[in-house]
Every structure is written in structure tokens, then in C-alpha cells.
Amino acid sequence: MQIFDFEKPIIELEQKLEEIRSLTGTIDMSKEVKEFEGKILDLKHNIYNNLTRWQKVQIARHPDRPYSLDYFTNIFEDFTELHGDRKFADDKAIIGGFAKLENHSVMVVGQQKGRSTKDNLYRNFGMSNPDGYRKAARLFKLAEKFNKPIITFIDTPGAFPGIEAEERGQAEAIATNMMLMSDLKVPIIVVIIGEGASGGAIGIGVGDRILMFQFAWYSVISPESCSSILWRSWDFKEQAAEALKLSADDLIQFNIIDRIIPEPVGGAHKNQDEMFKILKPILIQELNELLKIKPDKLVKQRKEKFYKMGVWEE
Amino acid sequence: MAWFVRSKQNIEDAKPAYMPDGLWTKCPTCGEMIYKKQLEENYYVCYKCNYHFRISGFDYINYIIDENTFKETHTQIKSTDPLHFEDTKKYPDRLEEAYKKTSLNEAVTTGIGKVNGKEISVAVMNFNFIGGSMGSVVGEKIFRAAKDALQKKIPFLIISASGGARMQEAALSLMQMPKTAAIIAELGNNQIPYISLLTDPTTGGVTASFAMLGDINIAEPGALIGFAGPRVIEQTIRKKLPQNFQRTETVIETGFIDLIVSRQNLKEQLFKIINWFS
């Protein structure tokens, strides 16, 4: 598993602990073991609770982090993937379909990255073409038609910047989705599980409840691109991440997100099963709350929520 | 023959975003020397090659709104620095510079005015104000101008000129995309016509929100219109882009623009459209 520099002190202590443990056959080391375990716990607490924003971005990109499909198959029952936008193609970077959450039929839609190089090429690194947004739109309308709630999972380094993406209207596809989502008469829960980069993210990111993982990031641009534009160099990504205030702790203060989903110690990749166990009851609870609200009121509240966004003085 | 050959004449990226002082101006596309007064009379359009110079929001207002009918609105809404954003400069310093350079109060100007006697609500962007970038104030002013259209039951026009979202407001800028898209949905639900005019350049989060959502999408000739900027695309795909890629004349062929209108005919064409709706 990929280890980050800031985690090295923890790994060192854990290795020492192993050494001590290996001695226990000959001498009683239980006291030392306990002491070390305590130290490691303190250190983890200290490191993971004081991560810089850039370190969080790194965790959000960890290749062992659960992706949308992992949630679809581990939190929901009976996931049936539905392909294609019925217009042009089946985008592999945005996927979706039918799923059951407890006894509710829901529509799940999410961005999907790949783990291996081959898989990543297939998924286009989680960067959707317009066809992905149009597939999402088709599934949203299908859900609305049969009065089923929608849950979207955001995890993208951005909408794909390519020639064909432009020719097929990347901008129009994203714009149309936001307009559509603002008007859908069914509950929408948005979960930012990893990377939430710009228009690529907000293209499936309009909803009644916006949940964000503890170590996910969400902003108008990636720290690298921000660095290259504002500092005219790729070397200022740490500063850019700080300046962009892209962490969940930042965004909740500006009411851009509604709730922070805690992750297992060190991040979702350290314990995927625990991550599923944390998220599932939260989704059920949020969904049950939203289902109590009448459709007209739901849409009105959703619009009001986005209308209030921004900070200005007058 | 020289040992080097210039492969491309008239490299388009070299277009200036400002109007040079002096009596004569060189057209950046065809190289024609144009007498400035002549240029002014021709709506800042090159009479030889129809190149549309970038102009300010108030120029558009002068061109399309009947004399003495424009009332500017929502001028009291001002940008703050909620994130304490600092790159090579502090955001408040950037704002201060922009106020001084442009004498404008933001990257968008909103108001109510008449087009040949028909009242409309209008929002026009100013590219020379921090690249016409959309932050909270741009989003809020567009939102309120749309609300004005809704309340008065009059058409809504946005003239876009923008590099996209304002990075210095990060996620708050991003949220202006769904905010503006949602109010445009509301206009549609209430049968209020919304006309989007895309000028050079319209890219990023502005294209990917209100600019592409018009009941009618109009573009000026030769305007750069796209989601990702040309340089970003070239870096990603490691290829040179085809000529005229993301230009109005290409974008209309891919199906995202209803019509191309030259600035000289803009008012007349707008009136025809507004009249159709009424």
C-alpha cells in the first residue's frame, strides 16, 4: 500500500512494536507493548488530525480508496448497472444504475476511477466526456419518472478536456445537468467521496443534502492547475491547496456542504469495510429524512439552498 | 528566401484585450490599419475582415439599449475576501487594481432597459475585470437580474465574456454555476425568455452554466467559446488543436449555437427575437 511521507513516523513505531512483540516468547514485554500501542495511537491521532490541506488531497487520491462501484456493491443491494446516454455513447467514467438501500429503490450515479493503469485508461481516470453527464441526466429523469430518490457519488479530477469533449458540448452537458437537477421532484443526496474537481464534479453535484468525506477535497480547480495559473509554475500546489480552502472542514463553514462523513483512522483506504459501515446508516438516515418532505417543498428548499450560496457585502 | 518561414500568419492568441490609444489601430487578424474614429463608428468591428474587437459591458449597453432608458441595478453588491486568498497577490489587492483599471464595480453590470421600446433585464460581463471571472458577486448579480426579469415578466439577456470561475473564491465561485443554472430553470418554468449572447471569450464555468442555457444562444463572429481552455486541451492530449477550434463558426457546426450575429446587426436581431416571444 502506498504510504505517505507524513505517515512514516507511524510506520517506524509500528515496526518497533513488531520487534518487541517478536521478543515476547523469551521475556515478558506486555508492559512495553501496551506502552507502544498507546504511543502509536497518540501519534496517529496527532498526525491525522493535523493534516495540511495538501495532505488531505493526497489521501483523497489514494489508489486503495473505495470508488463509486465499491460503494454501489457494498452498501447497496441488487445493483444493476445501466449503460449509455441513448444519444451517442456509454461513458465509462460516470456509471449508474438501479440499487436498493434497505427497502428503498434508489438510482445511484457516480464517477468511477480505475486502480490499475489498464483500468484507468478504460475509465479515462474518472474524467467524463459529455456522454457521461448525459447518461447521468437520463438516469435522473428515469428516477424522477418513477419517483425514486437519487444518490450521486463524486470522485473526479475534472471533466475531460479533449477535442471531442468540446465538440460534443462538455459545457452544455454540465450546464444542462445542473439546471435539470435543480428541478427534479425526487430527493437527491450528493456524496463527495474523493476528488471533487470543478465543473466535472458539480455536473452531478446539485442536491438536497451534500455530504463530504473527511479527507475528500472539493473546489473550483485542482491545486496543481491553480498553481500553474496563479503562480505560473507547478511547484506551488501545497500553497494553492491551502489558499483554495478545499477541505471538508473549510467548506462546511460556508454552507457549501451539509455534513462531514468521518473516515476510518488514516482514511477510507485503511479500512474499506469500516468505511462502508460508517456510510450506510448515514445514507439511510438522510434518505428517510428527505422522504418526509413533499416534492414541491423539496425542490423549493433545494433551490433556496443554492440561491444563498456565495459571500458578498452590500 | 529566408531560412525560416512563419508557419501561421495572424496568430489568434495575440489578440489584445484592450484598445490601444492613438489615432490608428491595427486589426489583429487582418493587419489593416484602421482609423480609430472609423472603428468606433463601426461598433469596434474591422470593416475589412469583420474582426470583433473586445469591448466593455457599457459599450454593449450603448449599442443595444435605447438612449436614456438604461437603469443600472444592484451596484451595491461588493466582493469580499471570504477565504483570505493569497497567491502572488492578495485578492483584495487584485480587486482594488481592477476597480482602478476599469472604473467598474464588478465583472458584471446589470440593469433594466429598453430595446426598441421593449423592456428587458440585462446582465453584461466585463472581460477586463479580472478576466470576467465569476465569483459570488457575479453570481448574485446575475441571480438578481434574472429575478427582476421574473418579477417584471420581461425577457432576460446575458452577454457573456469570461475566462470562467474566479479562483480567488474557490468553491464559492463553483457554487455560482448551480445557482445561476437553477434561476434560469425558474425563468423557463415561468415562460420568461432567456437570451444568451456569447462574446470573445466565453469559457470555463460561465460556458458550463448560464451561457449555454439560453432559450436562444447567440454568438459573435470569431469568439472563443468552450469549456476547457485551448492550452489545457493541448497539454492534455499533447496535440495541436485544429484551426478555428472552439471558435463561433466551429461551435455552430457542432450544434450549440442558434445563430451568429455581427455587432452591427445585434440590436435589430435582438429586437426580432424579443418580439417573437412577446
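Residues numbered from 1 in each chain as written. Chains lettered and ligands numbered in written order. Predicted model: local features only at pLDDT ≥ 70, side-chain atom pairs only at ≥ 80, totals over all residues. Heavy atoms only, no water.

**A word on the overall build of chain B**
Test applied: Runs of E in the DSSP output that reach at least two residues are strands. Runs of H or I that reach at least four are helices, and both are numbered from the N terminus. Atoms counted for the radius of gyration: C-alpha only. Globule rule: 2.2 Å times residue count to the power 0.38. Buried means the residue's accessible area, taken with a 1.4 Å probe over protein chains only, is under 20% of the maximum for its type, while exposed means over 50%, and partly exposed covers the values in between. By definition, residues are in contact when any of their heavy atoms lie within 4.5 Å. Residues scored as positive are Lys and Arg, those scored as negative are Asp and Glu, and His as well as the terminal groups of each chain are ignored. For this purpose, a charge sits on NZ of Lys, CZ of Arg, CG of Asp or CD of Glu.
Broken down by element type, chain B carries 10 helices and 10 strands. Scaling as 2.2 N^0.38, a compact globule of 278 residues should have a C-alpha radius of gyration of about 19 Å, and chain B matches this with 19 Å. When the backbone C-alpha atoms are referred to their principal axes, chain B occupies close to 65 × 45 × 40 Å. Sorting the 278 residues of chain B into buried and exposed places 56% on the buried side. Taking all contacts inside chain B whose residues are at least 6 apart in sequence as the whole, residues at least 24 apart take part in 65%. Counting 32 positive and 30 negative side-chain charges, chain B places the averaged centre of each group 2 Å from the other.

**Topic: the interface of chain A and chain B**
Many authors give the size of an interface as the accessible area that is lost as the parts come together. The cut-off we apply is this: When two parts are put together, the accessible area they lose, computed with a 1.4 Å probe and summed over both, is reported as buried area. For salt bridges, the criterion is a side-chain nitrogen of Lys or Arg within 4 Å of an Asp or Glu carboxyl oxygen. Whenever a nitrogen or oxygen atom comes within 3.5 Å of another N or O atom, the pair is scored as a polar contact, on the condition that within protein one atom can donate a hydrogen and the other can accept it, and that pairs from neighbouring residues in sequence are kept only if both atoms are in side chains. Each residue is assigned to one class: nonpolar for Ala, Val, Leu, Ile, Met, Phe, Trp, Tyr, Cys and Pro, charged for Asp, Glu, Lys and Arg, and polar for all the others, Gly among them. Each pair of strands is called paired provided DSSP finds at least two bridges between the two strands.
On the chain B side, the residues contacting the 48 residues of chain A number 57 residues. Carbon and sulfur atoms supply 75% of the area buried between chain A and chain B, which totals about 4,400 Å² over both sides. When residues of chain A are sorted by the area they lose upon contact with chain B, A:E166, A:L230 and A:Y307 head the list and together hold 16% of the total. Salt-bridge contacts for B:E186 lead to A:K303; the nearest nitrogen and oxygen are separated by 3.9 Å. For the pair chain A and chain B, the interface holds 15 residue pairs in polar contact (both at pLDDT 80 or more). Looking at the side of chain A that touches chain B, the elements that each hand over two or more residues are α7 (163-167), α8 (170-183), α9 (198-202), β7 (217-219), α10 (223-231), α11 (237-244), α14 (295-307) and β9 (312-313) of chain A. When residues of the side of chain A that touches chain B are assigned to their parent elements, the largest contribution, 10 residues, is made by α8(A). Tallied by class, residues from the side of chain A that touches chain B come to 29 nonpolar, nine polar and 10 charged. With two bridges connecting them, β9(A) and strand β4 (residues 78-79) of chain B associate as antiparallel partners. Bridged to A:W312 within β4(B) is B:S79.

**Here we look at the domain arrangement of chain B**
Residues and elements named next belong to chain B. What counts here: Segmentation of the chain into domains, including their bounds, is taken from an automatic or database domain assignment.
Domain assignment breaks chain B into domain 1 (1-53) and domain 2 (54-277). Computed from C-alpha coordinates alone, the two centres of domain 1 and domain 2 are separated by 24 Å. Between domain 1 and domain 2, the contact holds 12 residues from the first and 13 residues from the second. For the pair domain 1 and domain 2, the summed buried surface comes to about 1,300 Å²; carbon and sulfur atoms form 47% of the total. Viewed at the interface, domain 2 and domain 1 are joined by zero salt bridges. For the interface between domain 1 and domain 2, the tally reads six residue pairs in polar contact (both at pLDDT 80 or more). Residue classes in the side of domain 1 that touches domain 2 are distributed as six nonpolar, three polar and three charged.

**Things to note about the pairing of strand β9 (residues 216-219) of chain B**
Residue and element names in this part refer to chain B. What you see with β9 is no split at all: I216 and I218 on one side and N217 and A219 on the other are buried throughout. One ladder, built from four bridges, connects strand β8 (residues 194-202) with β9; its direction is parallel. Pairing of S196 across the sheet is with N217, part of β9. Here β9 pairs with strand β10 (residues 259-260) via two bridges, running parallel. By the bridge assignment, I218 is partnered in β10 with L259.

**Some points on the sheet that holds β10(B)**
All names here are of chain B. Pairing is mixed across the open sheet formed by seven strands, whose spatial order is β3-β5-β6-β7-β8-β9-β10. Edge positions in the sheet fall to β3 (71-73) and β10, since each of these pairs with one other strand and no more. By the bridge criterion, four bridges tie strand β6 (residues 118-125) to strand β7 (residues 156-162) in an arrangement that is parallel. Across the sheet, the residue bridging to V122 is L157, located in β7.

**Regarding the domain arrangement of chain A**
Residues and elements named next belong to chain A. For chain A, the domain assignment lists domain 1 (5-50) and domain 2 (55-307). For domain 1 and domain 2, the distance between their C-alpha centres works out to 37 Å. At the interface, five residues of domain 1 touch seven residues of domain 2. For the pairing of domain 1 and domain 2, the buried interface totals around 520 Å² over both sides, and the portion due to carbon and sulfur atoms is 63%. When the buried surface of domain 1 facing domain 2 is broken down by residue, F6, E7 and Y48 rank first, second and third, together holding 82% of it. Joining domain 1 to domain 2, the criterion identifies one salt bridge. Seen at the junction of domain 1 and domain 2, the total is one residue pair in polar contact (both at pLDDT 80 or more). Classifying every residue of the side of domain 1 that touches domain 2 gives two nonpolar, one polar and two charged.

**Overview of the nonpolar core**
As a rule of thumb, soluble globular proteins bury nonpolar side chains together. As a reminder of what qualifies: Remark: nonpolar core denotes a set of buried residues (Ala, Val, Leu, Ile, Met, Phe, Trp, Tyr, Cys) joined through side-chain atoms within 4.5 Å.
Of all hydrophobic cores here, the largest spans 139 residues; its most connected members are A:F153, A:Y218 and A:L283. Broken down by element, the residue count for this core peaks at nine residues, all from helix α13 (residues 272-291) of chain A. Of all hydrophobic cores here, the second largest spans 28 residues; its members include B:C27, B:C46, B:Y60 and B:V124.

**Details of the packing of α14(A) against helix α6 (residues 176-189) of chain B**
Worth spelling out the cut-off: Comment: axis = line fitted to C-alpha atoms, over the contacting stretch for helices; angle = value between 0 and 180 degrees taken between N-to-C directions. Roughly parallel refers to an angle under 35 degrees, roughly antiparallel to one over 145, roughly perpendicular to one between 65 and 115, and oblique to any angle outside these ranges. Each helix crossing is assigned a hand: it is left-handed if the near helix lies turned anticlockwise from the far helix by less than a right angle, otherwise right-handed if that turn is clockwise.
Close contact between α14(A) and α6(B) brings their axes to 8 Å; oriented N to C, the two are set at 135°. Comparing the axis directions of α14(A) and α6(B) gives the class oblique. For the element pair α14(A) and α6(B), the recorded crossing hand is left-handed. Counted together, A:K303, A:F306 and A:Y307 of α14(A) and B:P178, B:K179, B:A182, B:I183, B:A185, B:E186 and B:N189 of α6(B) form the full contact between these two elements.

**Topic: the environment of A:Y71**
All names here are of chain A. Structurally, Y71 can be placed in helix α4 (residues 68-74). Of the residues examined, Y71 reaches a relative accessible area of 0% and is grouped as buried. It is 9.8 Å that separates the C-alpha atoms of Y71 and I193, two residues lying 122 residues apart in sequence. Among all residues touching Y71, those that are not within four sequence positions of it are P66, F76, F153, I193, F213, A268, M275, F276 and L279.

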